[in-house]
Amino acid sequence: MRLKMFLMIGCFIFVAACSPTPEETPTPDTEPSVTDEATREITDEIQVTESVITQGDAELIAFYAGIPHSRGADGAFILGDVNAPIKIIKFADFLCPHCQTYHQDVVKAFIQNFVVTGQAKFEYRFFPVIDQQASPYLAVLNECANEQDKFWATHVLLYDLAKNRQLDQNVVTNVATRLGMDESLLSACMAGADPFQFETDTVFGQELSVNGTPAVRVQVGENPVGVIKMGDTEYARGGVDLEALTAFLTSENPADNVVLVNRIIADNLLVDNSLISENENCQLPCWRGITPGETPLTAAQEILGADNTVGNVEYQESGRRVGVSFTQVDKDRICCQLISDGTDNVDYISLQFTPTIT
């Protein structure tokens, strides 16, 4: 797809489309300063536009250039030491007011306190929810800045522009000028064909039960991704305040404070909950002994055939995607399916009322 220019002069009017953030204790802006020498090194590299780069923008570029950054296996943008033991994953939309506040009041301090020190790494996921055109457009702009090694500086600048209602049809020119990027290269990247990273991130967020922004997920070591649970509070929706993040990161065993996300079972639309049991013989994302990514589809079909809680087990095929659909026992409506996306293994399990399966 090609993204078209959409931003109009003036302010955006936002509706409450993003999730509310839990009560947070505002923290001061801790955006660090850099030495004059570091600033000079950055501005020397971008001599073509050094006359328009302000001291503040140069410091922004230098600060993020000094932090290790990488991309995950699926392209996710990661800030911090790749060997950091804990990863904080944030799903957000530049146009979401709650996300703007969360970035200013929490994320900046978190990066300074824990990412810079190597205690954690920060993974940003685009999750466009506010505007069908504007939100993806800004995500692609941010992604394309990575071609010129300015992803994180652009990331912060876009949040600042959005919070101050300074986004207009000149956003690409303004960002390129302020951060010393080649605007033509930036625009060419943005006009390219998808898929773009926001599409991958959106699917990943949906798998992790993200339905609003901001949303925070965590991963300790190689453990599954989950949500923070400190005491009786589970942070499955909204941002996690800095106090809770600090308590989690400095706890004796952070993995004990992570609740796994139900990534595969969407049971809220089941005819009843007879297929969901607290006494399963395996841990999510495993169900009925079937583990996504591991169990062959043929073996899963045999398991279903021997399971007296399901019925009408039927093999289906559509191109390289194959699957098995089934119903809850004694129910007429198809509720569920196991899908193999060309791997021969079960890639995901869906337990929900799906009347349009063919």
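Residues numbered from 1 in each chain as written. Predicted model: local features only at pLDDT ≥ 70, side-chain atom pairs only at ≥ 80, totals over all residues. Heavy atoms only, no water.

(A) Summary view of the sheet that holds strand β11 (residues 334-341). Taking strand neighbours across the sheet as the criterion, the 4 strands line up as β9-β10-β11-β12 in an open arrangement whose pairing is antiparallel. Each edge of the sheet is formed by a strand with only one pairing partner; in this case those strands are β9 (310-318) and β12 (348-351). The average undirected angle you get between the axes of adjacent strands in this sheet is 15 degrees. Bridge count between strand β10 (residues 321-328) and β11: 7 bridges; the pairing is antiparallel. If you follow Val 324 over to β11, its bridge partner there is Leu 338. Here helix α10 (residues 297-305) sits on the sheet and contacts β9, β10 and β11; the angle it forms with β10, its principal contact strand, is near 10 degrees. (Pairing = 2+ DSSP bridges. Helix = DSSP H or I, 4+ residues; strand = E, 2+ residues; numbered from the N terminus. Axes fitted to C-alpha atoms, helices over the stretch in contact; angles between N-to-C directions. Contact = heavy atoms within 4.5 Å.)

(B) Inspection of the state of the cysteines at higher detail. With the rule as written, the count across this model stands at 1 disulfide. The disulfide partner of Cys 144 is Cys 189, and the gap between their sulfur atoms is 2.1 Å. An S-S torsion of about -75 degrees defines the bridge between Cys 144 and Cys 189 as left-handed. One end of the pair, Cys 144, is in helix α4 (residues 134-145); the other, Cys 189, is in helix α7 (residues 183-190), and 45 residues separate them in sequence. The residues Cys 144 and Cys 189 share a single accessibility class, namely buried. Free cysteine Cys 99: the closest other cysteine sulfur is in Cys 96, separated by 3.1 Å. (Disulfide = S-S within 2.5 Å. Buried < 20%, exposed > 50% of the residue type's maximum accessible area, 1.4 Å probe, protein only.)

(C) View of the pattern of salt bridges. Per the stated rule, a full pass over the model turns up 7 salt bridges. Between Glu 123 and Arg 125 there is a salt bridge; the shortest N-O distance is 2.9 Å. Across this residue pair, the class does not change: Glu 123 and Arg 125 are buried. One salt-bridge network, in which partners are shared between bridges, spans Asp 74, Lys 87, Glu 123, Arg 125 and Asp 201. (Salt bridge = Lys/Arg side-chain N within 4 Å of Asp/Glu carboxyl O.)

(D) The confidence of the model for the chain, seen in detail. Counting all residues, the mean pLDDT for the chain is 81, and 77% of those residues have values of 70 or more. Throughout residues 19-51 the model reports pLDDT below 50, and contacts reaching past four residues in sequence, or to other chains, amount to 61 contacts. Note on residues 263-269: pLDDT under 50 across the span, and 19 contacts to partners over four residues away in sequence or across chains. (pLDDT = per-residue confidence, 0-100.)

(E) Examining the pairing of strand β5 (residues 215-220) more closely. Among the 6 residues in β5, 6 count as buried, and that is most of the element. Of the two faces of β5, the one lined by Ala 215, Arg 217 and Gln 219 and the one lined by Val 216, Val 218 and Val 220 are each fully buried. Across 6 bridges, the pairing between strand β3 (residues 86-92) and β5 is antiparallel. By the bridge assignment for β5, Ile 86 is matched with Val 220.

(F) Seen up close, unusual backbone geometry. With omega at -5 degrees, the peptide bond leading from Thr 213 into Pro 214 counts as cis. Inspection of the secondary structure assignment puts Pro 214 in the loop between α8 (197-207) and β5. Despite not being glycine, Ser 209 shows a phi value in the positive range, around 65 degrees. Note on placement: Ser 209 falls in the loop between α8 and β5. Owing to a relative accessible area of 38%, Ser 209 belongs among the partly exposed residues under this scheme. Unlike most non-glycine residues, Asp 344 shows phi in positive territory, near 75 degrees.

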